[in-house]
Amino acid sequence: MANIVYTFEDQIYLNITNACPCKCEFCIRNNGDSVGDADTLWFEGHSPSFDEIKAEIDAFDFGGYTGEIIFCGYGEPTCAYDNLLKTADYLREKAPQCRLRVNTNGLSDLLNKKPTAKEICEAMDTVSISLNAPTSEKYEALCHPVFKDKAFPAILKFAEECKQYDVAVKFSLVNVISKEDIKECQKLSDKMGIPLRVREYTAD
Ligand code: SF4
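For clarity, every value in this text was computed on a predicted model and none was experimentally measured.

Procedures and definitions
Residues numbered from 1 in each chain as written. Predicted model: local features only at pLDDT ≥ 70, side-chain atom pairs only at ≥ 80, totals over all residues. Heavy atoms only, no water. Near = heavy atom within 4 Å. Nonpolar A, V, L, I, M, F, W, Y, C, P; charged D, E, K, R; others polar. Buried < 20%, exposed > 50% of the residue type's maximum accessible area, 1.4 Å probe, protein only. Helix = DSSP H or I, 4+ residues; strand = E, 2+ residues; numbered from the N terminus. Pairing = 2+ DSSP bridges. Right-handed = clockwise from strand over helix to strand, strands pointing away. Phe/Tyr/Trp six-rings, centres within 6.5 Å; stacked < 30°, edge-to-face > 60°. Core = buried A, V, L, I, M, F, W, Y, C linked by side-chain atoms within 4.5 Å. Contact = heavy atoms within 4.5 Å. Disulfide = S-S within 2.5 Å. Axes fitted to C-alpha atoms, helices over the stretch in contact; angles between N-to-C directions. Parallel < 35°, antiparallel > 145°, perpendicular 65-115°, else oblique. Left-handed = near helix turned anticlockwise from the far one by under 90°. Expected span 1.5 Å × (residues − 1).

Asker: Explain the site of the ligand to me, and be specific about the residues and the numbers.
Answerer: Around the ligand, the neighbouring residues are C20, C22, K23, C24, C27, R29 and N105. In terms of residue class, the shell around the ligand is made up of four nonpolar, one polar and two charged.

Asker: Could you give an account of the pairing of strand β6 (residues 168-174), naming the residues involved and the relevant values?
Answerer: By the criterion of burial, β6 is predominantly enclosed, with five of the seven residues buried. When strand β5 (residues 126-130) meets β6, the two strands line up parallel, connected through five bridges. Bridge pairing in β6 links T126 to A168. Bridging between β6 and strand β7 (residues 196-199) involves four bridges; their strand directions are parallel. Within β7, the position partnered with V174 by the bridge is R199. Handedness of the crossover joining β6 and β7 through helix α7 (residues 179-192) is recorded here as right-handed.

Asker: If you had to explain the packing of aromatic side chains to someone new, which residues and values would you point to?
Answerer: If you walk through the whole model with that rule in mind, you get six aromatic pairs. Here the aromatic rings of F50 and Y90 are separated by 6.3 Å at their centres, their planes lie at 85°, and the arrangement is edge-to-face. Linking F50 in helix α1 (residues 50-59) with Y90 in helix α2 (residues 81-94), this pair joins segments that are 40 residues apart in sequence. An aromatic cluster is present here, built from Y6, F8 and Y13 joined pairwise through their rings.

Asker: So, the nonpolar core: which residues are in play, and what are the values?
Answerer: Most often, soluble globular proteins have nonpolar side chains that are buried together. Within the largest apolar cluster, 61 residues are counted, with the highest numbers of intra-cluster contacts made by I69, F71, M124, V127 and Y139. Per element, the largest residue contribution to this core is seven residues, and it comes from helix α6 (residues 151-162). When neighbours within four sequence positions are excluded, V127 is seen to be in contact with V102, T104, I120, C121, F158, C162, V167, A168, V169 and K170. Core analysis: the second largest hydrophobic core is formed by seven residues, Y13, V35, A38 and L41 among them.

Asker: Could you give an account of the state of the cysteines, naming the residues involved and the relevant values?
Answerer: By the definition in use, this model includes zero disulfides. Unpaired in terms of disulfides, C162 finds its nearest cysteine sulfur in C121, a separation of 3.6 Å. Here C162 falls in the buried class, since its relative accessible area comes to 0%. With no disulfide of its own, C185 has C143 as its nearest cysteine by sulfur position, at a separation of 10 Å. Residue class for C185 comes out buried when judged on its relative accessible area of 0%.

Asker: How would you explain the packing of α1 against α2 if you had to name every residue and give the values?
Answerer: At a minimum axis separation of 10 Å, α1 and α2 run at an interaxial angle of 25°. Classed by the angle they form, the pair α1 and α2 counts as roughly parallel. Every pair of crossing elements has a handedness; the one defined by α1 and α2 is right-handed. On α2, the residues that touch F50, I53, K54, I57 and D58 of α1 are N83, K86, T87, Y90, L91 and K94.

Asker: Residues and numbers for α6, please.
Answerer: Residues spaced three or four apart along an α-helix face the same direction, because each turn holds 3.6 residues. Helix length check: α6, at 12 residues, gives a terminal C-alpha distance of 17 Å against a target of 16 Å (1.5 Å per residue), a fit within 8%. Within α6, burial applies to A151, F152, A154, I155, F158, A159, E161 and C162.

Asker: Could you give an account of the sheet that holds β5, with specific residues and numbers?
Answerer: Judged by pairing direction, the sheet is mixed, and its seven strands sit side by side in the order β1-β2-β3-β4-β5-β6-β7 without closing on themselves. Each end of this open sheet is capped by a strand with a single partner; those strands are β1 (5-8) and β7. Neighbouring strand axes in the sheet, compared pairwise and without regard to direction, differ in orientation by 30° on average. As judged from the three bridges shared by strand β2 (residues 11-14) and strand β3 (residues 68-71), these two strands associate in the parallel manner.

Next comes the structure, spelled out in structure tokens:
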């Protein structure tokens, strides 16, 4: 089975699903089977149960680690919504010294067919949302979401709702878009009062 807990550049990550409603052209999943010290991040046929996630957490030595634990992996964590929330609760017991972050595509409300910002924000310390593009048309061309024209407005709505809670909300994008589009994303982020992180694309 795929690694659920793995480390990369001195940070701890949780890989809890391979499901995702997008096909981003820059997705790291296109470049290999694993990241960091993981052997593979691809599950065979099914996403892990909570018991399987719990077993890997129990087997992992968090030792003196005091950094962030990041829900990321080879899929969209909010596709495994119940396990995401349960796992976050469990990590508060197992590693109370750590902060929790979810890296999400922001499509949780559409995926789970209900408002999800409150529960996610209550579970996490940081919610990092992939903005990726400055407009709905450009987002669709780059990320190919199954939700079509509903996706980008849903991301902005989710981000706006997260701001109501006691959580750090961030946008991110990968620098595969034009400089002009990065500027437009920055303007949109500034208007919404959400910091934007521009990530380097790596094909490794
Ligand atoms: S949302 Fe994330 S996991 Fe899904 S295709 Fe895009 S980059 Fe990959």
